[in-house]
Amino acid sequence: MRELLVAVGRPEVSSSVMREPADLGRFGEYGGRFVPESLIPACEAVEAAFREAWADPRFRGQLDRLLTVYAGRPTPMTPAWNLSAELGITLLLKREDLAHTGSHKINNVLGQALLARRMGKTRLIAETGAGQHGVATATAAALLGMDCTVYMGAEDTERQELNVFRMKMLGAEVVAVHSGSRTLKDACNEAMRQWVARVDDTYYCVGSVMGPHPYPWMVREFQRVIGDEARTQTATELTAGVPDYVVACVGGGSNAAGTFAGFADTDARLIGVEAAGGAAMTDGAPGIVHGYRSKVLQDANGQIAEAHSISAGLDYPGIGPEHAHLGDIGRARYVTVTDDEVLDAVRRLARAEGILCALESAHAVAWVMRTAGSDELPPGATVVLTLSGRGDKDMATLMERAQ
Amino acid sequence: MSRLETTLRAARDAGGKLLVPYVTGGITADWTDHLLAYQEAGADAIEVGLPFSDPMLDGVTIQQASDRALEQRVTPDRILSDLAAVRDRVRVPLVAMTYANLVVRLGYTEFCRRLADAGVSGLIVPDVPLDELGGLDDAAAAAGVDLVLLVAPSTTPERLDDICARSRGFIYAVSVMGTTGERADLAATATALAASVTARTDRPVLIGFGVSTAAHAVAAAATADGVVVASALMRRVLDGATPEEVAVDLAAIRAGLDTVATGTSTGSTAGRVEQHGYARAARA
Ligand SMILES: Cc1ncc(COP(=O)(O)O)c(C=O)c1O
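What counts and how
Per-chain numbering applies: the sequence of each chain, read as written, is numbered from 1 onward. Labels follow written order: the first chain is A, the first ligand is 1, and so on. Note on the predicted model: pLDDT of at least 70 is required for a residue's local features to be given, and 80 or more for side-chain atom pairs to be given and counted; whole-chain, interface and lining totals, by contrast, use all residues. Side-chain figures throughout are based on the complete set of non-hydrogen atoms in the structure, without hydrogens or water. UniProt positions are given in the numbering used here, feature names are shortened, and annotations may be inferred rather than shown by experiment. Here a helix means four or more residues in a row that DSSP labels H or I, a strand means two or more in a row labelled E, and each is numbered from the N terminus. Here the radius of gyration uses the C-alpha set of atoms, whereas the globule reference equals 2.2 Å times the residue count to the power 0.38. Residues count as neighbours in contact if any of their non-hydrogen atoms are within 4.5 Å of one another. Exposure categories follow from relative accessible area, calculated using a 1.4 Å probe and restricted to protein chains: below 20% of the type maximum is buried, above 50% is exposed, and the middle band is partly exposed. Only the protein chains shown count as covering a residue, and every accessible area follows the Shrake-Rupley method with a 1.4 Å probe. Charged residues are defined narrowly, with Lys and Arg counted positive, Asp and Glu counted negative, and His plus the chain ends left uncounted. Charged groups are reduced to one reference atom each: NZ for lysine, CZ for arginine, CG for aspartic acid, CD for glutamic acid. In this analysis, the protein atoms alone were mapped onto a 1 Å grid. Cavities are point sets where a 1.4 Å probe fits without being able to get out; pockets are open sets with protein on both sides within 12 Å along at least five of seven lines; lining residues have an atom within 4 Å of a point. Grid points are joined across faces, edges and corners, and a volume is the space filled by probe spheres set on the points. Residues are grouped as follows: nonpolar covers Ala, Val, Leu, Ile, Met, Phe, Trp, Tyr, Cys and Pro; charged covers Asp, Glu, Lys and Arg; every other residue, Gly included, is treated as polar. Note: domain ranges come from an automatic or database domain assignment. The cutoff for a nearby residue is simple: one of its non-hydrogen atoms must lie within 4 Å of the molecule or strand. Under this definition, polar contacts are N or O atom pairs within 3.5 Å; protein pairs additionally need one hydrogen-donor-capable and one acceptor-capable atom, and for neighbouring residues in sequence, both atoms have to be side-chain atoms. Whether a molecule lies in a cavity or pocket depends on its atoms, and more than half of them have to be within 2 Å of the grid points. What counts as buried area is the accessible surface, traced by a 1.4 Å probe, that two parts surrender upon association, with contributions from both included. For this analysis, a salt bridge means a side-chain nitrogen from Lys or Arg found within 4 Å of a carboxyl oxygen belonging to Asp or Glu. Each pair of aromatic rings taken from Phe, Tyr and Trp, with Trp reduced to its six-membered ring, is defined by centres within 6.5 Å and is described as stacked if the planes are under 30 degrees apart, edge-to-face if over 60, and tilted in the remaining cases. Both a distance and an angle decide whether a charge sits over a ring: NZ of Lys or CZ of Arg must be within 6 Å of the ring centre and within 35 degrees of the ring normal. Two strands qualify as a pair provided that DSSP identifies no fewer than 2 bridges between them. Orientation is described by lines fitted to C-alpha atoms, with helices fitted over the stretch in contact, and by angles between N-to-C directions that extend from 0 to 180 degrees. Orientation categories follow fixed angle ranges, with anything under 35 degrees roughly parallel, anything over 145 roughly antiparallel, 65 to 115 roughly perpendicular, and all other angles oblique. Handedness of a crossing follows from how the near helix is turned relative to the far one, being left-handed for an anticlockwise turn of less than a right angle and right-handed for a clockwise one.

Chain B carries the name Tryptophan synthase alpha chain in an unreviewed UniProt entry, which gives Micromonospora sicca as its organism. For the record of chain B, the UniProt heading Subunit (unreviewed entry) holds the text "Tetramer of two alpha and two beta chains." For chain B, the Sequence similarities (unreviewed entry) comment in UniProt is given as "Belongs to the TrpA family."

In the nomenclature of an unreviewed UniProt entry, chain A corresponds to Tryptophan synthase beta chain from the organism Micromonospora sicca. UniProt lists a comment for chain A under the heading Catalytic activity (unreviewed entry), and it reads "(1S,2R)-1-C-(indol-3-yl)glycerol 3-phosphate + L-serine = D-glyceraldehyde 3-phosphate + L-tryptophan + H2O". The UniProt entry for chain A carries the following text under Subunit (unreviewed entry): "Tetramer of two alpha and two beta chains."

Re the overall build of chain A
Summing up its helical and strand segments, chain A has 16 helices and 14 strands in all. Relative to the compact-globule value of 22 Å for 403 residues, chain A shows a C-alpha radius of gyration of 19 Å, a close match. The principal-axis extent of the C-alpha atoms belonging to chain A is close to 55 × 55 × 40 Å. In chain A, once contacts between residues fewer than 6 apart in sequence are set aside, the share between residues at least 24 apart is 75%.

Quick word on the overall build of chain B
The number of helices and strands found in chain B is 13 helices and eight strands. The C-alpha atoms of chain B give 17 Å as radius of gyration, which agrees with the globular expectation for 284 residues (19 Å, within 12%). Its C-alpha atoms put chain B at 50 × 40 × 35 Å along the principal axes. In chain B, which comprises 284 residues, the proportion classed as buried is 61%. When contacts within chain B are restricted to residue pairs at least 6 apart in sequence, those whose partners lie at least 24 apart make up 75%. Carbon and sulfur atoms make up 53% of the accessible area of chain B, which amounts to about 9,800 Å² in all. Positive and negative charge centroids in chain B, built from 25 and 35 side chains respectively, lie 3 Å apart.

So, the layout of surface pockets
A volume near 420 Å³ is recorded for the second largest pocket. For the second largest pocket, the lining is made up of 16 residues, of which A:Gln303, A:Ile304, B:Ser53, B:Leu70 and B:Glu71 are closest to its centre. Looking at the lining of the second largest pocket, the element that brings in the most residues is helix H3 (residues 60–71) of chain B, giving three residues. Looking at the lining of the second largest pocket, its residues break down into four nonpolar, six polar and six charged. Here the lining of the second largest pocket gathers at least three residues from each of two domains, domain 1 (23–67 + 105–204) and domain 2 (72–103 + 224–402) of chain A.

Let's talk about the site of the ligand
All names here are of chain A. As a matter of local geometry, the ligand sits amid 18 residues, with Ser208, Gly251, Gly253, Ser254 and Ser388 nearest to it. Lysine 105 has a polar side-chain atom sitting 3.0 Å from an oxygen atom of the ligand. Between the ligand and serine 388, the relevant distance is 2.6 Å, taken from a nitrogen atom to a side-chain nitrogen or oxygen of the residue. Under a 2 Å grid-point criterion requiring more than half of the atoms, the pocket assigned to the ligand is the largest cavity. When the residues that make up the shell around the ligand are grouped by side-chain class, the tally is four nonpolar, twelve polar and two charged.

Describing the UniProt feature "domain: Tryptophan synthase beta chain-like PALP" (unreviewed entry) in chain A
UniProt tags residues 71–389 of chain A as "domain: Tryptophan synthase beta chain-like PALP" (unreviewed entry). What you have in residues 71–389 of chain A is 42% helix and 20% strand, and the ends, taken at the C-alpha atoms, are 13 Å apart.

Brief notes about the interface of chain A and chain B
Contacts between the two partners involve 36 residues from chain A and, on the opposite side, 34 residues from chain B. Looking at the side of chain A facing chain B, the largest losses of area belong to A:Glu37, A:Arg193 and A:Gln303, adding up to 24% of the total buried there. Remark: the boundary between chain A and chain B carries three salt bridges. The partner of A:Lys185 in a salt bridge is B:Asp54, with the nearest N and O atoms 3.0 Å apart. Among the elements of the structure, helix H2 (40–54), helix H9 (184–197) and strand E11 (285–289) of chain A are those that each provide at least two residues to the side of chain A that touches chain B. Looking at which element gives the most residues to the side of chain A that touches chain B, the answer is H9(A), with eight residues. Across the side of chain A that touches chain B, the residue classes break down as 14 nonpolar, twelve polar and ten charged.

Observations regarding the packing of aromatic side chains
All names here are of chain A. One pass over the full model with this rule turns up eleven aromatic pairs over all chains. With centroids separated by 5.2 Å and ring planes inclined at 85 degrees, the aromatic side chains of tryptophan 54 and phenylalanine 222 adopt a geometry described as edge-to-face. Within this pair, whereas tryptophan 54 is found in helix H2, its partner phenylalanine 222 is found in helix H10 (residues 215–237), the two being separated by 168 residues in sequence. Taking relative accessible area as the criterion, tryptophan 54 reaches 4% and is therefore assigned buried. A connected cluster of aromatic rings, assembled from ring pairs, spans Phe50, Trp54, Trp217 and Phe222. One residue, arginine 60, lies across the ring of tryptophan 54, its end atom 3.7 Å from the ring centre.

Comments concerning the sheet that holds strand E6 (residues 147–153) of chain A
All names here are of chain A. Ordered by their spatial adjacency, four strands build an open sheet running E7-E6-E5-E8, and the pairing between neighbours is parallel. Whereas interior strands pair on both sides, the edge strands pair on one side only; in this sheet they are strand E7 (173–177) and strand E8 (202–204). Neighbour-to-neighbour, the strand axes of the sheet open up by a mean angle of 25 degrees, direction not taken into account. Bridge count for E6 against E7 is five bridges, and the pairing is parallel. The residue of E7 that forms the bridge with threonine 149 is glutamate 173. In the packing of H9 onto the sheet, the strands contacted are strand E5 (123–128), E6, E7 and E8, and the crossing angle to E5 comes to about 160 degrees.

Thoughts on the packing of helix H5 (residues 105–118) of chain A against helix H6 (residues 132–144) of chain A
Residues and elements named next belong to chain A. Remark: H5 packs on H6, axes separated minimally by 9 Å, with the N-to-C direction vectors making an angle of 40 degrees. Here H5 lies oblique to H6, going by the angle between them. H5 and H6 meet at a crossing whose hand is right-handed. Judged by residue contacts, Lys105, Ile106, Asn108, Val109, Leu110, Ala113, Leu114 and Arg117 of H5 engage Gln132, His133, Ala136, Thr137, Thr139, Ala140, Leu143 and Leu144 from H6. A class-by-class count of the residues in the contact of H5 with H6 yields nine nonpolar, five polar and two charged.

See the structure below:
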């Protein structure tokens, strides 16, 4: 692994925490593979294929090249000059909003799509909430000549009409899911059901660090390019080399996991920001949903609760199992911000820096704005904030709120 | 071995084919009437669904039944107290079917104890596969509840061996790579799977998922010891059929199975008798 990382020109980041999970995909007491018997061989096949591919310099080379010439990596690290001055801190923005398709989701999807093709699969399926992961999956499917079906809660297809149309433009089929709460969690269930029925030709491209083993680990590895790049960039941007704080929004937690992975072995404080209406770390209890054990929003009987956030991408009752573990052991801290704080943050960042970010990413921005200058984020602190996506998809929501 | 397995073995060893219908707990106010009607129609055991908000392995019918029950604020405790209330009149064993989160929420030991207190003698949790049992099998056994494990057409031979060894009550053979739900035909994968399971164990083997008609049940029972019937019955319930009306459908499946039961033993059964030295009286 060491030679490989060197071979593809990545900074070597060894970390005692964010490593390979223990047996059966365990991060502490979380993770695992809680899927029906019918899906066990499919999960095992994905795990075996990923292990092999990730150790294969040719696969790593292919993926690196795609990330560079297709997705536009490395993404810049932009100093937020004006906000930094206003807030009295040094704020650096890791610009995933500038990646192809407008968010970090493309990093994971290109990795998984290449893996699917290597496994001989001809069709990708995916769940999506805001539609960003669906768009990224449809994009990779178009590029690699694969069929693509995206499952999306019926309520989300209405809220995110534009992204539904984008997916269709890219040649994907979009299926509205009408069961349960008709949102992201139901789309996850449906994708799993459809995978059972067509495991032979179909690869399930999971959109975040969730799902049965090996997905939480694999998706984190595909997203760690964010953190690895950021680590190289801070080495030259910051005199200390490493920031005091690393901040990212958390839905399932993939952009945060990828970012954290680059700094897990440093003394940087890792902060994950959840939506107040979907805060599995703050309000959830240990539980099992969508094939893994983690902290989950649920009622006293174990029925999964609906999350409520202005950003469809954070409207998810669970959180990646590795985050639950990082929280338990105190390596990362998870906080929440409200919809109103998020709306303010979008506007303030846009006016200060000329960057219109996604509502999801604005959660991280809102926390920095709220805490800068306090004990939580002292004056003069250096902060790397992952701006996970751009705000184009949210214009309809913002227009509605402005009225 | 608890009451579930003892009862099913006895019925099978007497030459019968096993019929296990399903009902979603709390689907209607008087839902326990379905248990009594199923019993009258010849059920050997009854599967009772404890509805979960996110039923990953269920097709549209059971999803709708679960949603409808949950809309009426049904809880596992309510369902179990309803069951306890009809305990004296329901003679056949009951098997609870639910998803992992309802079980871990209470804790394995407490959950199984509550099942046993309500007179339930079996448990099926489809999203807790063999590798993730984590003591659920021991907790169930300690409470006198048979933990029924599932096998699927994709299950490897080594896993089949392990599952057959650790499942209690019966082996649930999932007929098809897919979710629950009615199908036009019994999947071709069903009988092949049942055959490889019966060759490995003397526990009862039931085929479920998509068994919708008497003809399907008869075809399934050629290799397996019986069937689980869920979506076909629950669709009728969702459409407003009374317990008696639904029981008419079940009785037709019972009649079909009885034609097989009185027949002579099949090759695979003979093989099994030899292998395990089991006397299967009425079939021999
Ligand atoms: C821009 C953006 N950021 C963040 C997320 C949340 O996902 P994760 O927590 O996996 O990074 C989404 C999900 O849709 C998104 O579109």
